[in-house]
Amino acid sequence: MGKYMAIWEVDHATIPIDPKERGEGWGMLMTMVQQDFEKGVLKDWGAFLAESNGYAVYEGTELEVMQAIQQYVPFCIFEVHPIATADRVNEMLSSMTG
């Protein structure tokens, strides 16, 4: 099972001007985030203060992570990076040094 860091940004073309509509949209987003936590694929999530972007940490197979992220499209744009944990980096170092 892999771990992935996703940097997300809300597509500004989809953000309503009306504050009430914008709040409702964010509410729907946060419901989806909570559901991903409950499914166990989402391990951490945060929004950068006063911005329309943030980060998420997913854990699962490539397929599980792709499926989780696709539900946010076209409202969010993602940049996703596989993560090597400290344990994995130490394994790599051990293999290099014998």
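Residues numbered from 1 in each chain as written. Predicted model: local features only at pLDDT ≥ 70, side-chain atom pairs only at ≥ 80, totals over all residues. Heavy atoms only, no water.

1. A closer look at the overall build of the protein
And then number 1: What the protein contains, in helices and strands, is three helices and four strands.
And then number 2: The C-alpha atoms of the protein give 16 Å as radius of gyration, which overshoots the globular expectation for 98 residues (13 Å, by more than 25%).
And then number 3: Overall, the protein is about 60 × 25 × 20 Å in size when its C-alpha atoms are taken along their principal axes.
And then number 4: Once local pairs closer than 6 in sequence are excluded, the contacts in the protein between residues at least 24 apart make up 65%.
And then number 5: Total accessible area computed for the protein in this model is approximately 6,800 Å², and 59% of it derives from carbon and sulfur atoms.
And then number 6: A distance of 4 Å separates the average location of the 6 positive side-chain charges in the protein from that of its 15 negative side-chain charges. (Helix = DSSP H or I, 4+ residues; strand = E, 2+ residues; numbered from the N terminus. Rg over C-alpha atoms; globule rule 2.2 N^0.38 Å. Contact = heavy atoms within 4.5 Å. Areas by Shrake-Rupley, 256 points an atom, 1.4 Å probe, with all protein chains shown as cover. Lys, Arg positive; Asp, Glu negative; His and termini not counted. Charge placed at Lys NZ, Arg CZ, Asp CG, Glu CD.)

2. Some words on the confidence of the model for the protein
And then number 1: In the predicted model, the protein carries a mean pLDDT of 95, and 100% of its residues have values of at least 70.
And then number 2: Mean pLDDT per element in the protein: helix α3 (residues 86-97) is the minimum at 93, and strand β2 (residues 42-47) is the maximum at 98. (pLDDT = per-residue confidence, 0-100.)

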